[in-house]
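# A closer look at the structure
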Amino acid sequence: MSEVGIKEAIIIEFEDFERWMYHEQFIPDQAEFTIRDVWLEINSILKGTITQDGRILSKASYLTAKESYFNEASKKEIYHIASRYEIWLKLHEYYDYNDLVYLALQKESVHVYSNIVFDEIQELTARQLEYLMRITSNKQNLLMLGDIHQVTDQYMFNLPFLKNKLYAENYILKENYIYKNYRSGDQTVHWTNELKNIKFNLLSHEKEEFRIPDESVRKGSKPNVYHGEIDSLALFSQIEQDADSIVVVGDSVQKQKLEDNGLKRIFTIEETRGLEYKTVYGFNLLSNFNVLWRQLFQSGQRAHYVYSTYFNLIYLAVTRSKETLYFIESERTIIEDKLEAFFAPCETIAPAIQSGMQENDQKRWLDEANRLFKLRKYEKAADAYERAEQFEKRDSCLKLAHHKLLYEYNEKFKCFIQLSTDKCSPQILRIMLDCIEKKYSTSIVGAFQILLQTTPRYGIDYRRMRGFLEPDWTNTEKAACLYERISQSIFNRNEIIFVVTLFKEDKPLSLETCNDKGHQDISIKVHDKSIKIHSATLTEQRKLEEHLNWADSLGHDKTQAIKGEYGFQFIEENKLKYEKSKAEDILDMIFKDKDGE
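Here we summarise the structure given alongside this text. No experiment lies behind these values; they were computed from the predicted model shown.

## Some details on the overall build of the protein chain
Of regular secondary structure, the protein chain possesses 23 helices and 20 strands. Taking all 597 residues of the protein chain together, 52% fall into the buried category. Approximately 29400 Å² of the protein chain is accessible, and the part contributed by carbon and sulfur atoms is 48%.

Shown next, in the form of structure tokens:
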């Protein structure tokens with residue numbers, strides 16, 4: 001990130017995108033695509049291709065893109081979502097990997113390396129491959145590793161593009177294929193080989209080299225499958241006691257439901273990348289995609305390669321297992337019929353767990369924690385460090401995990417604080433924080449915004465500043481951080497608006513739960529030695545932030561907006577039409593085509 005002048009960035013990955021989509025409720029009930037389909041389109045085509053349009057492909061270019069599987073109506077809906085996604089990223093200063101690469105490619109010069117080893121090459125988009133080529137001074141010393149069957153974030157891995165880039169610079173790409181599986185037992189490998197055969201027979205053409213079956217070097221048992229209802233909390237709580245076992249679920253919604261009930265070692269499929277365990281328990285992995293399986297098997301035609309992603313997700317989860325694999329499914333799926341000969345049905349799960357569990361000492365949990373930490377899975381690492389009784393390391397991991405989460409809380413639990421004072425100072429800000437803590441038993445943590453208004457002689461204008469308050473800071477340290485932002489401005493420091501998140505016992509909350517009037521915000525007046533604090537609903541201040549969000553989304557990239565880069569045309573003469581509208585109404589208006597699409 002230092003390459004593009006960014007000190008610290010929140011990187012958005014699929015699970016973050018999925019939560020945002022659910023929060024915004026963007027997927028219509030009758031849509032012909034899923035949340036993952038939208039993510040794949042954005043990552044593969046809209047932002048992953050090399051284009052002169054800018055950070056994101058123009059709407060006109062996307063509607064004519066032959067690489068996309070979707071029809072024109074679906075493309076328009078997907079582009080609408082992608083455009084709002086871009087605005088969301090910009091407003092909160094978030095980035096995805098394509099953004100970082102785009103910014104790096106805009107620089108005239110970059111730091112180059114003479115030797116590079118790059119793993120998971122299959123996940124790189126064309127734009128990301130372009131950057132990799134640019135930072136490699138000697139292509140002969142570039143070693144790239146990957147597995148085409150583990151592509152889950154995009155569906156256009158472009159091997160010919162990579163070859164052509166190398167040939168253009170007089171290099172030859174030497175391809176080596178490894179067909180031995182050193183992790184999983186032979187019966188699990190037979191299962192994954194058959195899954196790959198099914199994928200190849202259903203989908204578009206793939207290189208013959210990728211069709212060659214893997215060979216196992218270890219003996220193992222058939223994957224077990226169990227159908228029926230289970231006491232998931234009791235079952236998974238027992239599994240969590242074993243450092244050599246994990247539970248894997250199909251999506252973040254299932255994961256959140258289980259975690260809300262106190263479970264801590266629940267992994268989504270993407271979270272298992274780079275990990276391996278003696279025993280893997282897949283919970284509704286196959287039935288999670290049951291609708292898709294029916295569509296693919298009943299169509300009778302070869303499907304677009306975008307659907308390879310769903311087979312790859314199953315492959316990724318299954319290949320985490322070193323010895324024993326369990327599928328726990330609430331319903332039978334059509335893909336199970338195709339794989340029936342490779343399954344071992346089981347009537348119960350509990351005895352298998354009891355016979356397979358081992359006593360875990362602190363060293364095994366410490367090894368597990370260190371492995372998770374290296375892969376930046378901080379929340380899971382914190383739990384493992386706690387089990388290993390490494391409490392300082394646990395706290396460090398929680399801090400790293402909370403940092404990203406605290407940014408998200410600011411969107412869901414916004415509280416506006418209006419401070420009126422004769423003269424702002426660190427002491428006044430500390431008094432404000434102390435008063436909030438005393439009156440509402442809450443503290444301010446995480447991402448914040450400060451809105452300052454100009455004095456009248458300059459005309460009405462606002463400046464917005466952002467920052468972050470660490471969870472372990474005292475109110476004195478927090479006040480110093482807030483004042484540092486405020487002191488950089490010549491704007492009016494007597495009336496200040498803060499947009500923050502309130503926490504009580506380490507959990508975010510809405511202020512309306514702390515007062516009987518249902519107010520969401522706080523008004524504080526500090527004059528001389530008088531302090532007045534009360535709950536309020538700061539309607540005008542909330543409208544102001546909406547207006548600033550809208551202005552930021554258009555004003556900071558006005559030339560791109562005029563070009564239609566985000567799927568809309570900002571017409572200068574229509575300004576009056578938007579002046580009295582809320583931000584949501586404005587976005588609805590500017591995203592609508594004349595046809596009402």
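## Concerning helix H10 (residues 252-259)
Given 3.6 residues per helical turn, the α-helix brings residues three or four places apart onto the same face. Every buried residue belonging to H10 is among Ser252, Gln254, Lys255, Leu258 and Glu259, and all of these are buried. Along the axis of H10, the buried positions cluster into a sector of 160°, meaning they face one direction only. Of the surrounding secondary structure, the elements contacted by the buried residues of H10 are helix H1 (14-24), helix H9 (232-239), strand S8 (245-249), strand S9 (266-268), strand S10 (277-283) and helix H16 (378-387). For H10, the N-terminal cap is Asp251; the gap from its side-chain oxygen to the backbone nitrogen of Val253 is 3.1 Å.

## Digging into the pattern of salt bridges
Enumeration over the complete set of coordinates arrives at 37 salt bridges. Between Glu93 and Arg466 there is a salt bridge whose closest N-O contact spans 3.6 Å. Here Glu93, found in the loop between helix H4 (72-92) and strand S2 (94-95), pairs with Arg466, found in strand S16 (residues 462-469); they are 373 residues apart in sequence, far enough to count as distant. Using a relative accessible area of 46% as the deciding quantity, one classes Glu93 as partly exposed. Assessed through its relative accessible area of 24%, Arg466 is described here as partly exposed. In the salt-bridge network here, residues are joined through shared partners; they are Glu15, Asp16, Arg19, Lys255, Glu259, Glu271 and Lys380.

## Concerning the packing of aromatic side chains
This model, assessed by the stated rule, comprises 24 aromatic pairs. Plain terms: the ring middles of Tyr177 and Tyr179 are 6.2 Å apart, the flat faces sit at 10° to each other, and that makes the pair stacked. The class of Tyr179 is partly exposed, set by a relative accessible area of 22%. Measuring from ring centre to ring centre gives 6.4 Å for Phe267 and Tyr277, while their planes differ by 55°; the resulting arrangement is tilted. Placement of the pair is Phe267 in strand S9 and Tyr277 in strand S10, with a sequence separation of 10 residues.

## Quick word on the environment of Leu511
Of note, Leu511 is situated in the loop between strand S18 (507-509) and strand S19 (521-527). On the accessibility criterion, Leu511 (1% relative accessible area) is buried. Residues Leu511 and Ile522, 11 residues apart in the sequence, show an inter-C-alpha distance of 8.5 Å. Dropping the residues within four chain positions of it, Leu511 is found in contact with Tyr440, Leu502, His519, Gln520, Asp521, Ile522 and Ser535.

## Comments concerning the pairing of strand S17 (residues 495-504)
Across the 10 residues of S17, eight count as buried, placing the element largely inside the fold. Where strand S13 (residues 414-421) lies against S17, seven bridges are found, and the strand directions are antiparallel. Among the inter-strand pairings, Leu419 is bridged to a residue of S17, identified as Ile496. Here strand S14 (residues 443-444) pairs with S17 via two bridges, running antiparallel. Paired with Ile444 across the strands is Leu502, a residue of S17. Sheet topology note: the strand S15 (residues 446-453)/S17 ladder contains four bridges and is antiparallel. Bridging across to S17, Leu451 finds its partner in Ile497. As paired strands, S17 and S18 are joined by three bridges and run antiparallel to one another. Paired with Lys504 across the two strands is Lys507, which belongs to S18.

## What about the nonpolar core?
Nonpolar side chains in soluble globular proteins generally cluster together in the buried interior. In this structure, Phe17, Leu46, Tyr85, Trp293, Phe311, Ile314 and Phe327 are the most contacted members of the largest nonpolar core, which totals 76 residues. Counting residues per element, this core draws most heavily on helix H12 (residues 308-318), at eight residues. Sequence-distant contacts of Phe327, that is, excluding residues within four places in its chain, are made with Trp191, Pro223, Asn224, Val225, Tyr226, Gly282, Leu285, Leu286, Val318 and Phe343. The next biggest cluster of nonpolar side chains, apart from the first, holds 31 residues, and it includes Leu429, Leu433, Val500 and Ile524.

## Brief notes about H16
Listed in full, the buried residues belonging to H16 are Lys380, Ala381, Ala382, Asp383, Ala384 and Tyr385. Following H16 by one or two positions, Glu389 adopts a phi angle in the positive range, close to 60°.

## Considerations on the side chain of Gln449
With respect to the helices and strands, the residue Gln449 is situated in strand S15. Residue Gln449 is classed as buried on the basis of its relative accessible area of 3%. In this structure the side chain of Gln449 is engaged in a polar contact, spanning 2.7 Å, whose partner is the side chain of Arg464. A distance of 3.0 Å separates polar atoms of two side chains, one belonging to Gln449 and the other to Glu545.

## Section: the packing of helix H11 (residues 290-299) against H12
Remark: H11 packs on H12, axes separated minimally by 11 Å, with the N-to-C direction vectors making an angle of 125°. Looking at the two axes, H11 sits oblique to H12. In the crossing of H11 with H12, the sense of the turn from one axis to the other is left-handed. Here Leu292, Trp293 and Leu296 of H11 lie close against H12, whose contacting residues are Tyr310, Phe311 and Ile314. Taken together, the residues of the contact of H11 with H12 break down into six nonpolar, no polar and no charged.

## Overview of the environment of Ile497
Counting through the fold element by element, Ile497 comes out in strand S17. Separated by 77 residues in sequence, Ile497 and Ser420 have C-alpha atoms that sit 9.0 Å apart. What Ile497 contacts, discounting residues up to four positions off in sequence, is Phe416, Ile417, Gln449, Ile450, Leu451, Gln541 and Leu544.

## Things to note about unusual backbone geometry
For Asn284, which is not glycine, the phi torsion reads 55° and is therefore positive. Relative to the helices and strands, Asn284 is located in the loop between S10 and H11. If you check the backbone angles, Ser441 has positive phi at about 55° while not being a glycine. Relative to the assigned elements, Ser441 resides in the loop between helix H18 (426-440) and S14.

## Here's the deal with the pairing of S15
Counting buried positions along S15 gives seven out of eight residues, so the element sits mostly inside the fold. In the sheet, S15 pairs with S16 via eight bridges, with the strands oriented antiparallel. In the strand pairing of S16, Gly446 is matched with Leu469.

## Details of a nonpolar patch on the surface
Together, Val117, Leu143 and Leu145 give the surface a local cluster of nonpolar side chains, amounting to about 270 Å² of exposed area. Summarising the element assignment, Leu145 is placed in the loop between strand S4 (142-144) and helix H7 (159-168).

Definitions and cut-offs
Residues numbered from 1 in each chain as written. Predicted model: local features only at pLDDT ≥ 70, side-chain atom pairs only at ≥ 80, totals over all residues. Heavy atoms only, no water. Helix = DSSP H or I, 4+ residues; strand = E, 2+ residues; numbered from the N terminus. Buried < 20%, exposed > 50% of the residue type's maximum accessible area, 1.4 Å probe, protein only. Areas by Shrake-Rupley, 256 points an atom, 1.4 Å probe, with all protein chains shown as cover. Arc of directions from axis to C-beta. Contact = heavy atoms within 4.5 Å. Polar contact = N/O pair within 3.5 Å; in protein donor to acceptor, adjacent residues only side chain to side chain. Salt bridge = Lys/Arg side-chain N within 4 Å of Asp/Glu carboxyl O. Phe/Tyr/Trp six-rings, centres within 6.5 Å; stacked < 30°, edge-to-face > 60°. Pairing = 2+ DSSP bridges. Core = buried A, V, L, I, M, F, W, Y, C linked by side-chain atoms within 4.5 Å. Axes fitted to C-alpha atoms, helices over the stretch in contact; angles between N-to-C directions. Parallel < 35°, antiparallel > 145°, perpendicular 65-115°, else oblique. Left-handed = near helix turned anticlockwise from the far one by under 90°. Nonpolar A, V, L, I, M, F, W, Y, C, P; charged D, E, K, R; others polar. Patch = residues over 30% accessible without salt bridge, like charges linked within 9 Å, V, L, I, M, F, W, Y side chains within 5 Å.

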